[in-house]
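Single-letter residue listing:
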Amino acid sequence: MTREKNKFKNCPECNLPGIIVKKETVISLLSEDAIIRISGDSFALCMNPDCDISYYGLDSNISFKCDEMNVPLWFKRNAHPIYACYCSKVTKDDVINAIRKEGAMTVQDINRITGSMKNSDCSHHNPLGKCCHKMIQDIIDEEKMSSNNCFNLTCPLS
Ligand SMILES: [Zn+2]
């Protein structure tokens, strides 16, 4: 894979740095109306939870709002539903239920119980074009942390 040597640009709206995303990912996640406006070849995703911009051009002045995408961005405020795996449309709640009710401990457990990461096509479904594995692992880690806290505080549920 060739690295693109475009000058990096911050989000035109909030001026924070985004993450570079492949054009094929941007095209497959924008709504049909938004694709018509697309210009340029390199893009970034604004990671600021409070900013209304999703993708913006690094070699053009184009930018897209969150509601111009086919899926909600999991890290933006008011995202609903929050997807943990975009390929199989498994939500964060599904993952949490698998941990709390089915005793899932690993990403493999989650995949077996929820069907996540099945038919993976992350470069066309995940907004970053990356594998969902890390997002699922993050939720597992979050749950482990909170159940530890619960244990320390002699949680009434345990
Ligand atoms: Zn922004």
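Predicted model, so just to flag it, every value in this text is computed and none were measured.

Visitor: Quick one: what's the story with the environment of lysine 134, residue by residue and with numbers?
Guide: Secondary-structure assignment places lysine 134 in helix α6 (residues 133-152). The exposure class of lysine 134 is exposed, given its relative accessible area of 55%. Along the sequence, lysine 134 and valine 107 sit 27 residues apart, while their C-alpha atoms lie 8.9 Å from each other.

Visitor: Can you break down the coordination of the zinc ion residue by residue, with the values?
Guide: In ideal tetrahedral geometry, four donors around a metal make angles of 109.5 degrees, whereas ideal octahedral geometry with six donors gives angles of 90 or 180 degrees. Donor atoms from the polypeptide that coordinate the zinc ion comprise Cys11 (SG), Cys14 (SG), Cys46 (SG) and Cys51 (SG), at 2.2 to 2.4 Å from the metal. Considering all four donor atoms around the zinc ion, angles at the metal cover 103 to 115 degrees and the coordination shape is tetrahedral. Counting the intervening residues between successive donors of the zinc ion yields the motif C-x2-C-x31-C-x4-C. With cysteine 14 in the segment before β1 (19-21) and cysteine 46 in the loop between β2 (43-45) and β3 (53-57), this residue pair connects regions lying 32 residues apart in the sequence.

Visitor: Outline the nonpolar core, listing residues and values.
Guide: Counting residues in hydrophobic clusters, the biggest one holds 18 residues, and the most contacted among them are Val21, Val26, Leu30, Leu45, Tyr55, Phe64 and Met69. Elements supplying a minimum of two residues to this core: α1 (23-29) and β2. Residue assignment places this core across two domains, with domain 1 (19-68) and domain 2 (83-152) each supplying three or more. Judged by nonpolar contacts, the second largest core, of 16 residues, contains Cys87, Val90, Val107 and Ile139.

Visitor: An account of the sheet that holds β1 is requested, with residue identities and associated values reported.
Guide: If you walk across this open sheet you meet the four strands as β1-β2-β3-β4, and the pairing is antiparallel. Each edge of the open sheet carries a strand with a single partner, namely β1 and β4 (63-65). Each strand axis lies, on average, 30 degrees off the axis of its neighbour in the sheet, ignoring direction. Direction of pairing for β1 relative to β2: antiparallel, over a ladder of three bridges. Residue pairing for β2: isoleucine 20 is matched across the bridge by alanine 44.

Visitor: Describe helix α4 (residues 107-114), with residues and values.
Guide: Regarding α4, the residues found buried are Val107, Asp109 and Ile110. Seen end-on, α4 carries its buried residues on one side only, within an arc spanning 155 degrees. Those residues of α4 that are exposed and angled more than 90 degrees off the buried face are Gln108 and Arg112. Phi turns positive, to about 80 degrees, at glycine 115, one or two residues after α4.

Visitor: An account of the side chain of lysine 76 is needed here, citing residue identities and associated values.
Guide: Take lysine 76: it is sitting in the loop between β4 and β5 (83-85). Of the side chains with opposite charge, aspartate 52 comes closest to the buried, unpaired lysine 76, at an N-O distance of 7.1 Å. Polar side-chain contacts of lysine 76 include one of 3.0 Å to the backbone oxygen of asparagine 48. For lysine 76, the contacting residues outside a window of four places in its chain are Cys46, Asn48, Pro49, Cys51, Ile53 and Cys66.

Visitor: Lay out the packing of aromatic side chains with the relevant residues and their values.
Guide: Tallied over the entire structure, the rule returns three aromatic pairs. Relative to tyrosine 86, the ring of tryptophan 74 lies with its centre 6.1 Å away and its plane at 65 degrees, an arrangement referred to as edge-to-face. Taken together, the positions of tryptophan 74 in the loop between β4 and β5 and tyrosine 86 in the loop between β5 and β6 (90-91) put the pair 12 residues apart, joining distant regions of the chain. What makes tyrosine 86 buried here is its relative accessible area of 0%. Pairwise contacts between aromatic rings join Trp74, Phe75, Tyr83 and Tyr86 into one cluster. The side chain of lysine 89 reaches across the aromatic face of tyrosine 83, ending 5.3 Å from its centre.

Each value, and the rule that gives it
Residues numbered from 1 in each chain as written. Predicted model: local features only at pLDDT ≥ 70, side-chain atom pairs only at ≥ 80, totals over all residues. Heavy atoms only, no water. Helix = DSSP H or I, 4+ residues; strand = E, 2+ residues; numbered from the N terminus. Buried < 20%, exposed > 50% of the residue type's maximum accessible area, 1.4 Å probe, protein only. Donors = N, O, S within 2.8 Å, 3.2 Å for Na, K, Ca; no water. Tetrahedral: all angles 85-135°; square planar, octahedral: opposite > 155°, others 65-115°. Core = buried A, V, L, I, M, F, W, Y, C linked by side-chain atoms within 4.5 Å. Domains from an automatic or database assignment. Pairing = 2+ DSSP bridges. Axes fitted to C-alpha atoms, helices over the stretch in contact; angles between N-to-C directions. Arc of directions from axis to C-beta. Lys, Arg positive; Asp, Glu negative; His and termini not counted. Salt bridge = Lys/Arg side-chain N within 4 Å of Asp/Glu carboxyl O. Polar contact = N/O pair within 3.5 Å; in protein donor to acceptor, adjacent residues only side chain to side chain. Contact = heavy atoms within 4.5 Å. Phe/Tyr/Trp six-rings, centres within 6.5 Å; stacked < 30°, edge-to-face > 60°. Lys NZ or Arg CZ within 6 Å of the ring centre and 35° of its normal.

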